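Fold and geometry: a report
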Amino acid sequence: MVCVIVHSGAGYQSKSNEEKYNKLCFEACLLAAELLSVEHKNAVDAVEATVAYLEDCPLTNAGIGSNLTINGFVECDAGIMSSSTHWFAGIGAVRNVRNPVKVARLLLQSQIGHPLGENGRVQPSLLFGDGVYVWAASKGHFIDTCDLTTTTSKLLWKKYTSWLNNGDETNGNANITDCMPGCSYSSEENKSSLTPSVLYASTWKGTLPLRRQAVVLQ
């Protein structure tokens, strides 16, 4: 039996968007289930594809449409791990990267394939900012970059920065969206888990608000 669990994040969301989040999570679960039915595809493949799907949706606070930094840019994190190899990899504060999870996957693969790099040095497991681009270039990897801002994210940025500029940092904080997507997959033989900002154990127990949870059993 295969279990796929997807959540689109935590935070304060409009009730009117509940159906959209349910649909997004359901589609992401189906994508993972379809991948796992293909020969030679594993849990890490499913996690990468599923989170990339969430990153491509403006509803989530990862990838396109993310909340902007105070300087008006999209900077994201991503992390991925494989319990079958006990390796993990993460990147942080990367600007305008279309799918940060794909870069984290490349970093994970470099560890699995070559635990010791040039001159016997241990491969990096965490990279941040410009270090991500330097590492990718040294390995010949292409990083897909683009403008990840949306009309909504720009309007919210202007709203909140105006509060900061006016010295009112607490006005309406309860309405600030903090929606980080994540994906967790597990089976008896192969487990992995991922969120764009946090690495966590493969076995997950607990509950999530219904509008941010979808489960597919196969």
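Our subject is the structure that appears above.
Let me sum up the structure you'll find in this document. (Residues numbered from 1 in each chain as written. Predicted model: local features only at pLDDT ≥ 70, side-chain atom pairs only at ≥ 80, totals over all residues. Heavy atoms only, no water.)

1. Points about the overall build of the protein chain
The helix and strand tally for the protein chain stands at 5 helices and 7 strands. Order of helices (α) and strands (β) in the protein chain, N terminus to C terminus: β-α-α-β-β-α-β-α-α-β-β-β. Each of the 218 residues in the protein chain was classed as buried or not, and the buried ones make up 43%. At a minimum sequence separation of 6, the contacts of the protein chain that also span at least 24 residues come to 64%. (Helix = DSSP H or I, 4+ residues; strand = E, 2+ residues; numbered from the N terminus. Buried < 20%, exposed > 50% of the residue type's maximum accessible area, 1.4 Å probe, protein only. Contact = heavy atoms within 4.5 Å.)

2. A word on the environment of C3
Examined against the element boundaries, C3 turns out to sit in strand β1 (residues 3-7). A relative accessible area of 19% means that C3 is categorised as buried. For the pair C3 and A32, spaced 29 residues apart in sequence, the C-alpha to C-alpha distance is 9.7 Å.

3. Focus on helix α1 (residues 18-36)
Across its 19 residues, α1 extends 27 Å between first and last C-alpha, which sits within 8% of the 27 Å expected from 1.5 Å per residue. Inspection of α1 places Y21, L24, C25, A28, C29, A32, A33, L35 and L36 among the buried residues, and these make up the whole buried set. (Expected span 1.5 Å × (residues − 1).)

4. Here we look at the pairing of strand β3 (residues 87-95)
In this structure, strand β2 (residues 75-82) lies alongside β3, joined through 7 bridges in antiparallel fashion. Looking at the pairing, G79 lines up with G90 of β3. The turn linking β2 back onto β3 is made up of 4 residues, and H86 within it adopts a positive phi angle of 65°. (Pairing = 2+ DSSP bridges.)

5. Regarding the layout of surface pockets
As a volume, the second largest pocket reaches approximately 210 Å³. Around the second largest pocket sit 13 residues that line it, and P58, L59, G65, T152 and L156 are the ones nearest its centre. For the lining of the second largest pocket, the leading source of residues is helix α5 (residues 151-165), giving 3 residues. Split by residue class, the lining of the second largest pocket holds 4 nonpolar, 9 polar and no charged. (1 Å grid on protein atoms, 1.4 Å probe; cavity = no way out; pocket = protein on both sides within 12 Å on 5 of 7 lines; lining within 4 Å. Points joined across faces, edges and corners; volume = space filled by probe spheres on them. Nonpolar A, V, L, I, M, F, W, Y, C, P; charged D, E, K, R; others polar.)

6. Section: the packing of helix α2 (residues 43-55) against helix α3 (residues 100-113)
It is the contact of α2 with α3, at a shortest axis distance of 8 Å, that shows an interaxial angle of 155°. With respect to their mutual orientation, α2 and α3 come out roughly antiparallel. Where α2 abuts α3, its residues V44, D45, E48, V51, A52 and E55 lie against P100, V101, K102, R105 and L108. Partitioned by chemical class, the residues of the contact of α2 with α3 number 6 nonpolar, no polar and 5 charged. (Axes fitted to C-alpha atoms, helices over the stretch in contact; angles between N-to-C directions. Parallel < 35°, antiparallel > 145°, perpendicular 65-115°, else oblique.)

7. Things to note about the nonpolar core
Core analysis: the biggest nonpolar cluster contains 20 residues, and I80, I91, V103, L107, V132 and I143 have the highest contact counts within it. Those elements that place two or more of their residues in this core are α2, β2, β3, α3 and α4 (130-139). The residues contacting I143, other than those within four sequence positions of it, are V97, V103, V132, Y133 and A136. Membership of the second largest hydrophobic core comes to 12 residues, among which are V2, V4, A28 and A32. (Core = buried A, V, L, I, M, F, W, Y, C linked by side-chain atoms within 4.5 Å.)

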